[in-house]
Amino acid sequence: MYISREIESKISSYLKQFKVVLLTGARQTGKTTLLKHLLSDRYEYATLDDMNNLDLAVSDPKAFLGAGRLPIIVDEVQQAPDLFRQTKLVVDALDEYGAVVLTGSQTYQLMQGVSESLAGRVGILEMSGLSLREILGRSTGERYVPRLLSKKDLKQPEDRDIWSHIQRGSMPELQRSEVDWYDYYSSYVKSYLERDVRQLVNLKNERKFYSFMVAAAARTGQLLNASDIANTVDVDVKTVQGWISVLQASGIIHVMQPFWTNTTKRLAKTPKIFFMDTGLACHLTGWNTPDQLRLGAVSGHMFETFAVSEVLKSYMNAGRDLREVSFYRDSQKREIDLVIQDGRTLHPVEIKAGVQVRKDAVKHFSCLEGMADYEVGFGHVICQTPEPYIVARDVQAIPVWAI
């Protein structure tokens, strides 16, 4: 059964604004299924995973994008870099918008081709795994920004266990109960190493890269310490930094930068690492059941990772800049889990795995006060409460379901 995706309306909007639309995202997040659902009645579909299509796209890109094939969806376009240049020539000769839709799962190669050939002609959207909104049929199309919520906004779904969602993950295929969780992720990691990683780097030791992925997953929701990971995996720091870029380029992780202004030099500069799919992070680190995860030592970090990924998905699906979502940490190690920037307003957000939250959980929200050119807006504490309640002035505890 097809699950409606929040990003659908943004794709439809981009098709009217840009001559080319590029949809990126990690493998198996549903890009192809979505585009076929939206556009199959009007667009031809060609995947470069098909060797016949790939051969023609590489040997004769002009014939591949012939006028008789437009409008067209080209899947895994990074495999034929010359198509970007030909796409530019084709769309420049057209008055129509949305004639070419491109997809791919490796943003490094995609962005290189876009910047060289399609700048100013392409609208770029990034797609993630399913969000809770999509799974529950509560899509709004709006990015998450903290505001005062009422009980009627937050009816908790029946027979839903949040730890089951976190542990199972957000990949569309896993919404089918007959799909075995362990088998799915084992196959996913194997195909990721063989297809994506080998195309991005000259991988000499697959075992060490896998160990690196495990080490990175064990540190999700924490400050990124490349030296610590390098020591764990027994490689040099430069290698780890390159491998982090590979995970970013293929949509596996998000590296979140701390909030920073030119006038506040006391703020920390070290970023945080978050896996975009908690199911993959659980698989890599051996949390094989929801109960193991719920009671385990990493439950707090994994809950935070899940909440952050849900926030980020809302921004991706709305076509918004992920740099509007950051975190706060200063030289005194005072932290705020998320800072949501809405224009010149900063909304503080704390994430707690518990049900009841005390006032001291938001004691660092005041750190945002007095920043030049910014004002502090309404804040949230995302937790496991079944109903929203006020924690402090202009701060409300909300269920994770409400993101």
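Residues numbered from 1 in each chain as written. Predicted model: local features only at pLDDT ≥ 70, side-chain atom pairs only at ≥ 80, totals over all residues. Heavy atoms only, no water.

Student: Kindly report on the sheet that holds strand S5 (residues 122-127), identifying the contributing residues and their values.
Tutor: With respect to topology, 5 strands assemble into an open sheet ordered S2-S3-S4-S1-S5, the strand pairing being parallel. Sheet topology places strand S2 (44-47) and S5 at the edges, where each strand pairs with a single neighbour. Going across the sheet, the axis of each strand differs from the next one's by a mean of 15 degrees, ignoring polarity. Sheet analysis places S2 next to strand S3 (residues 72-75), joined by 4 bridges and oriented parallel. (Pairing = 2+ DSSP bridges. Helix = DSSP H or I, 4+ residues; strand = E, 2+ residues; numbered from the N terminus. Axes fitted to C-alpha atoms, helices over the stretch in contact; angles between N-to-C directions.)

Student: Describe the nonpolar core, with residues and values.
Tutor: Counting 73 residues, the largest nonpolar core has Tyr 144, Phe 209, Phe 212, Leu 247, Phe 275, Ile 382 and Val 400 as the members making the most contacts within it. The biggest single contributor to this core is helix H15 (residues 299-317), with 9 residues. Once you skip the residues sitting within four places of it in the chain, Leu 247 turns out to touch Tyr 192, Phe 209, Phe 212, Met 213, Ala 216, Ile 252 and Ile 253. Counting 22 residues, the second largest nonpolar core, distinct from the first, contains Ala 57, Val 90, Ala 99 and Leu 118. (Core = buried A, V, L, I, M, F, W, Y, C linked by side-chain atoms within 4.5 Å. Buried < 20%, exposed > 50% of the residue type's maximum accessible area, 1.4 Å probe, protein only. Contact = heavy atoms within 4.5 Å.)

Student: So what's going on with the pattern of salt bridges? Residues and values would help.
Tutor: Where charged atoms from two side chains of opposite charge approach closely, those side chains can pair. Going through the model one piece at a time under the given rule, you end up with 24 salt bridges. In this structure, the salt-bridge partner of Arg 69 is Glu 44, at a minimum N-O distance of 2.8 Å. Of the two residues, Arg 69 is situated in the loop between helix H4 (61-64) and S3 and Glu 44 in strand S2; the sequence distance between them amounts to 25 residues. Ionic pairing is found between Arg 85 and Asp 82, a salt bridge with its closest N-O pair at 3.5 Å. A residue pair is termed a helical-turn pair when its members lie 3 or 4 positions apart in one helix, as Arg 85 and Asp 82 do in helix H5 (residues 82-92) at 3 residues. Take Asp 82: its relative accessible area is 40%, and that puts it in the partly exposed class. (Salt bridge = Lys/Arg side-chain N within 4 Å of Asp/Glu carboxyl O.)

Student: Explain unusual backbone geometry to me, using residue names and the numbers behind them.
Tutor: Following Leu 70, the chain continues to Pro 71 via a peptide bond in cis, the omega torsion being -10 degrees. You can see Pro 71 is positioned in the loop between H4 and S3. The backbone of Glu 76 shows a phi angle near 60 degrees, a positive value even though the residue is not glycine. Mapped onto the elements of the fold, Glu 76 is located in the loop between S3 and H5. Residue classification places Glu 76 among the buried positions, given a relative accessible area of 6%. Phi at Asp 394 takes a positive value of approximately 65 degrees, unusual for a residue other than glycine. Overall, the relative accessible area of 40% leaves Asp 394 in the partly exposed class.

Student: Can you lay out the packing of helix H1 (residues 8-17) against helix H2 (residues 31-39) for me, pointing to particular residues and giving the numbers?
Tutor: Between H1 and H2, the shortest axis-to-axis distance is 11 Å and the interhelical angle comes to 60 degrees. Put simply, H1 runs oblique to H2. Here H1 runs over H2; the crossing is right-handed. Between H1, through Glu 8, Ile 11 and Leu 15, and H2, the contact on the second element is made entirely by Leu 34, Leu 35, His 37, Leu 38 and Leu 39. A per-class count over the contact of H1 with H2 returns 6 nonpolar, 1 polar and 1 charged. (Parallel < 35°, antiparallel > 145°, perpendicular 65-115°, else oblique. Left-handed = near helix turned anticlockwise from the far one by under 90°. Nonpolar A, V, L, I, M, F, W, Y, C, P; charged D, E, K, R; others polar.)

Note that every value here comes from positions in space, so none of it alone points to a role or purpose.
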